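Structural description and commentary
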Amino acid sequence: PLYINQRAAKLFVEELFGILFAGFYSDRSFDSLVSISDAFAIFFLKAKEHLRPYAKLQNANKSSEEQILEQYIQKIEGAIPNIYDLLWLDAEAAFNGDPAAESMEEIILAYSGFYAISVHRISHLLHSLGIPIFPRMLSRYAHEKTGIDIHPGATIGSNFFMDHGTGI
């Protein structure tokens, strides 16, 4: 049976942000590239399972399902460095654009607009890969947390900042 649940979206975001924003969204600290690559290897194994129901939606053939999942993971893995760079540019845009901002840490930890765009950048990637339903679940999760609803298909350039985003 197809098993889809909203908790998978929350876990996906929390696990990825725990790596991308280590020390902010997790207690992790990375001392070497090896430990970062280990963390990503674990994340991608979990991500594969989070995405399995959506691969089933695309094709009932078991071998094709595995191929679809491998393609998803390879493309996500390849896009993570660019998304990471975009997120730091977004954080800098928020810091530079908001005279009330006191630090980058504040932006990352406390700005709902930054959180929403961070989730959006991931959901947009998954949407562009043609993954059904899951990208919309990610945006729903971000909306629940922030009051900001960004459709996964929306294209947003770099250095993006929205202040006081509730209701957007």
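Residues numbered from 1 in each chain as written. Predicted model: local features only at pLDDT ≥ 70, side-chain atom pairs only at ≥ 80, totals over all residues. Heavy atoms only, no water.

Between the first and last C-alpha of helix α5 (residues 112–128) there are 24 Å, a value that for 17 residues agrees with the 24 Å anticipated at 1.5 Å per step. In terms of burial, α5 is a largely internal element, 13 of the 17 residues being buried. Immediately beyond the C-terminal end of α5, within one or two residues, lies Gly130, with a positive phi of roughly 85°. (Helix = DSSP H or I, 4+ residues; strand = E, 2+ residues; numbered from the N terminus. Expected span 1.5 Å × (residues − 1). Buried < 20%, exposed > 50% of the residue type's maximum accessible area, 1.4 Å probe, protein only.)

Within the secondary structure, Ser123 sits in helix α5. A relative accessible area of 0% means that Ser123 is categorised as buried. Engagement of the side chain of Ser123 in a polar contact is seen with the backbone oxygen of His120, the distance being 3.1 Å. (Polar contact = N/O pair within 3.5 Å; in protein donor to acceptor, adjacent residues only side chain to side chain.)

Attention now goes to the confidence of the model for the protein chain. The predicted model of the protein chain averages 90 in pLDDT, with 93% of residues at 70 or higher. The lowest-confidence element of the protein chain is helix α2 (residues 33–58), averaging 86 in pLDDT; the highest-confidence one is α5, averaging 97. (pLDDT = per-residue confidence, 0-100.)

The geometry of two aromatic rings is summed up by the distance between their centres and the angle between their planes. Overall, the coordinates contain 13 aromatic pairs when judged by the stated rule. Plain terms: the ring middles of Phe17 and Tyr25 are 5.6 Å apart, the flat faces sit at 65° to each other, and that makes the pair edge-to-face. With a relative accessible area of 2%, Phe17 lands in the buried category. A residue is classified by how much of its surface remains accessible, and Tyr25, at 29% relative accessible area, is partly exposed. (Phe/Tyr/Trp six-rings, centres within 6.5 Å; stacked < 30°, edge-to-face > 60°.)

All right, on to helix α6 (residues 134–146) then. Over its 13 residues, α6 runs 18 Å from end to end, which matches the ideal 18 Å to within 8%, given 1.5 Å per residue. For α6, the complete set of buried residues consists of Phe134, Pro135, Met137, Leu138, Ser139, Tyr141, Ala142 and Thr146. Downstream of α6 by one or two residues, Gly147 has phi in the positive range, about 80°.

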